[in-house]
Amino acid sequence: MVLSKLNKNQTAVIESVKVSDKLVLKRLYDIGVRVNAKIKVIDLSKNTAILLIIDGRLITVSYELGKLIVVKGV
Amino acid sequence: MFSEVCLFGMPNSGKTTIFNLLTKSNEKVGNWHGVTLEAKKGQFEFNKNKLDVYDLPGVYSLYPVTLEEKISINKVLKTNGLIVFVIEGATLNIAIDMVLGLIKQNKRVLVAVNMVKELYKRFGSIDFEKLKQLLPVPVIYGEFNTLKGIELLKNAIQNYKNLLNFKNYNTATIKKLDFFTPPVYKKSVLDFLTTNKVIGKILLLVIFLFVFYLAFGNYGIGKPLSNLIYGFAVTNLSQMVENWFLELNVSPFATALVIEGVIGGVGGILQFLPQTLILIMAITFLELTGYMARVAYLTDGLLKNSGINGRAVFSILMGFGCTAISVATTNGLENENIKKRATLSLGMISCSAKIPALMLISASFIKFDNFLFISLIYLFGLVLFYIQLTFSKKYFVKGERVPLIMEIPPYRVPKLSDFIKATTKYLKGFILKIITVIFIISITLFLLKSVSIDFKFNTNGYENSFLYYASVLLKFLFYPFNVDSWEVSAMMICGLFAKEGVATAILQLFPNGITIPTSSLIALAVFFYVYTPCVTALSVIKTSFNFKFMVKFAILQFLEAYVLALIVYYLLIYPIIVLSVGLVFGAIYISIKRLKNKKRLI
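Residues numbered from 1 in each chain as written. Chains lettered and ligands numbered in written order. Predicted model: local features only at pLDDT ≥ 70, side-chain atom pairs only at ≥ 80, totals over all residues. Heavy atoms only, no water.

Colleague: Would you mind going over the interface of chain B and chain A with me for this structure?
Modeller: Note: interface size is frequently given as the accessible area lost on complex formation between the parts. Taken together, the 35 residues of chain B in the interface contact 31 residues of chain A. Summing the contributions of chain B and of chain A, the shared interface buries around 2,800 Å²; its carbon and sulfur component is 58%. A per-residue breakdown of the area chain B buries against chain A is headed by B:Y185, B:Y297 and B:I405, which together make up 25% of the total. Summed over the shared surface of chain B and chain A, the result is 1 salt bridge. The partner of A:R57 in a salt bridge is B:E407, with the nearest N and O atoms 2.8 Å apart. Where chain B meets chain A, there are 4 residue pairs in polar contact (both at pLDDT 80 or more). Of all the elements in the fold, those that place two or more residues in the side of chain B that touches chain A are helix 3 (92–104), helix 9 (189–195), helix 14 (291–300) and strand 9 (405–407) of chain B. Per-element accounting of the side of chain B that touches chain A gives the leading share, 4 residues, to helix 14 of chain B. Alignment of strand 4 (residues 57–61) of chain A against strand 9 of chain B, held across 3 bridges, turns out to be antiparallel. Note on strand 9 of chain B: the bridge partner recorded for A:V61 is B:I405. (Contact = heavy atoms within 4.5 Å. Buried area = accessible area lost by both parts, 1.4 Å probe. Salt bridge = Lys/Arg side-chain N within 4 Å of Asp/Glu carboxyl O. Polar contact = N/O pair within 3.5 Å; in protein donor to acceptor, adjacent residues only side chain to side chain. Helix = DSSP H or I, 4+ residues; strand = E, 2+ residues; numbered from the N terminus. Pairing = 2+ DSSP bridges.)

Encoded structure:
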């Protein structure tokens, strides 16, 4: 899972966003997920959504989709 | 100067608050994304003239995804008027793309940067002088939820031409966002507690149980107030009117009409106002603080296999108030299939109008605290909602769920005026319903039960009254529950017009309480809870979808209510037999499923 590349503080920079559903990708973009956006995961659980801070804004993303956010540059 | 003004921008940027202040309206506001789901029109005074103003649903980009976004974009692209682009300070970096998009299309735009104080509080900043230099359209900033802010906005609209500086602008320079420092998000203790996967869910349960206790508990606020209203509005008033009418020698028919039809039927419903009002006030408060968005996040995982995502939580919570409103909120869901799936299941959520009747039906068999009963009812509704969703996903509206992607707003202290306005709006709606629909149902019911087909009057009700003949044909429906009563079918017919109508019917047709066996009564409560919603909800469903879908919905809901009530009834009468039959059918179903899976693997 790509999110495991986060550092100890669960922070990273998004270098690319790879999502199969175009509409979902668009929504992610609209809501503020940008390449080079600073991301911090503040909650990750097996049966719920992920809570992320992307460039200072709190955003929730379903877990299945969270797997598809490619985070690099830790 | 302008033909109209459109309030446009990202969700939760404060457009509706501005609209309410400009037009002196009372449209719903809330601290979450997607409160406004349709364009609302109002008027405000401008240069001694009236100017039309539109409050548009929030959008994330000029390329719409959801249904309400399409409404906004279509309006903005067609308008020749002024577009007031309301931006929440913290999201300037995203909104600026849309501002540039509109300028490129030669639209007249006024940028209003809102909630600036909050941005500074969160260590973000905007260099407004630089922003004004870079943009070819006027920029104003401040707190537009205040009268001072509104005056600033009105002045800017009035002097729009003077504020314009026709200069060349450089998109690339603007997109560098040199003038903007985004806010820093620091997870507060409140956010930690309310979004924690274990503590957050426990807290959610505790909050709702607390609200229910306040409204329905023996030592809560709602019950004593309810008793007070009943004592005054029904018992004392009836006595006073009866004595007064006796003195004036008023006919027994008119006396009965006023006491039973008006005071008994209408006043009887009024007694439940404090309890439903507390429920609505609590939901409004939680909405305004921003807690509801956290609830969407917390419950998304629970809805994983149901075909919808956490966003539908808003519709469910609205459903606690009114089914018709909750169906209207499904416009904010991602696509038509999800919208249909959610709508098909929303009938399972108890609206506040069902509470009076449920309490009256249960009065004879519930010996414990009403709070427990109502909590169980809501829990039962949520379980049914989930089952219906899964069922709909499998058989009626197939398709996968869309993942939840949602911005969570910061916690905000609700403005007292917003809270009061929302509560007053509910109160007005309730009173209006009582003096119109409930009044008509109550009077009609009284006349139909008291006048026989040969037009003779009897205050105790006629076995050959109009109501008897209107309901008797349907009484066979309740034979399987061991109920042989035309009054019960009359009661259910009233519920089709308004759910409070059932309570009115109980008060008039069963003045000494419903005297049928407890098992039958429980089955009737289940039937009433699930069966076809009122005409208002059906008409909203028709508007949102089409007539065919509305009919399907109504029939499905009726059949489900009937089957469920039958199961409950026979489970109470013959528990061992029903459970055994259930187990056998379950085993057969699982075996068939396994066989099919095996065949597929081979």
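On we go.
Colleague: Just to check I follow, could you spell out helix 1 (residues 15–23) of chain B for this structure?
Modeller: Structural remark: α-helix, 3.6 residues per turn; residues separated by three or four positions point the same way. Residue and element names in this part refer to chain B. With 8 of its 9 residues buried, helix 1 lies for the most part within the structure. Of the positions making up helix 1, those classed as buried are K15, T16, T17, I18, F19, N20, L22 and T23. Close packing links the buried residues of helix 1 with strand 1 (4–9), strand 2 (40–46), strand 3 (49–55), strand 4 (82–88) and helix 6 (147–158). Two residues or fewer past helix 1, K24 is found with a positive phi of approximately 60°. (Buried < 20%, exposed > 50% of the residue type's maximum accessible area, 1.4 Å probe, protein only.)

Colleague: Explain the packing of aromatic side chains to me, please; I cannot follow it from the model alone.
Modeller: Aromatic ring pairs are reported here in terms of the distance separating the ring centres and the angle at which the planes meet. Residue and element names in this part refer to chain B. Taken as a whole and assessed by the stated rule, the structure comprises 29 aromatic pairs over all chains. With a centroid separation of 5.3 Å and 90° between ring planes, the pair formed by F8 and F85 is classed as edge-to-face. Of this pair, F8 sits in strand 1 while F85 is found in strand 4, placing the two residues 77 residues apart along the sequence. Judged on exposure class, the residue F8 and its partner F85 are both buried. With a centroid separation of 6.4 Å and an interplanar angle of 75°, the aromatic rings of F208 and F320 are classed as edge-to-face. Of this pair, F208 sits in helix 10 (residues 199–216) while F320 sits in the loop between helix 15 (313–319) and helix 16 (323–329), and the two are 112 residues apart along the sequence. Note on accessibility: F208 and F320 belong to one class, buried. Here a set of aromatic residues connected by ring pairs shows up, and it is made of F478, F481, F527, F528, Y531, F558, Y562, Y569, Y570 and Y574. Sitting above the plane of the Y54 ring, K75 keeps its charged end 3.9 Å from the centroid. (Phe/Tyr/Trp six-rings, centres within 6.5 Å; stacked < 30°, edge-to-face > 60°. Lys NZ or Arg CZ within 6 Å of the ring centre and 35° of its normal.)

Colleague: Would you mind showing me how to read unusual backbone geometry here?
Modeller: Excluding glycine, residues mostly carry a negative phi; peptide bonds, for their part, are mostly trans. Residues and elements named next belong to chain B. Notably, N106 is not glycine yet its phi reads approximately 60°, a positive angle. Tracing the backbone through its elements, the reader meets N106 in the loop between helix 3 and strand 5 (108–114). Positive phi outside glycine occurs at N482, with the angle close to 65°. The topology assignment puts N482 in the loop between helix 21 (466–472) and helix 22 (486–497).

Colleague: What am I meant to see in the state of the cysteines here?
Modeller: Working definition of a disulfide: a covalent bond connecting the sulfur atoms of two cysteines. Enumeration over the complete set of coordinates arrives at 0 disulfides over all chains. Looking at B:C351, it has no disulfide partner, and the nearest cysteine sulfur is the one in B:C322, 6.5 Å off. (Disulfide = S-S within 2.5 Å.)

Colleague: Would you mind showing me how to read the environment of B:S352 here?
Modeller: All names here are of chain B. Residue placement: S352 occurs in the loop between helix 17 (336–346) and helix 18 (354–362). C-alpha of S352 to C-alpha of I269: the two residues are 83 residues apart in sequence and 12 Å apart in space. Sequence-distant contacts of S352, that is, excluding residues within four places in its chain, are made with T276, F320, G321 and Y426.

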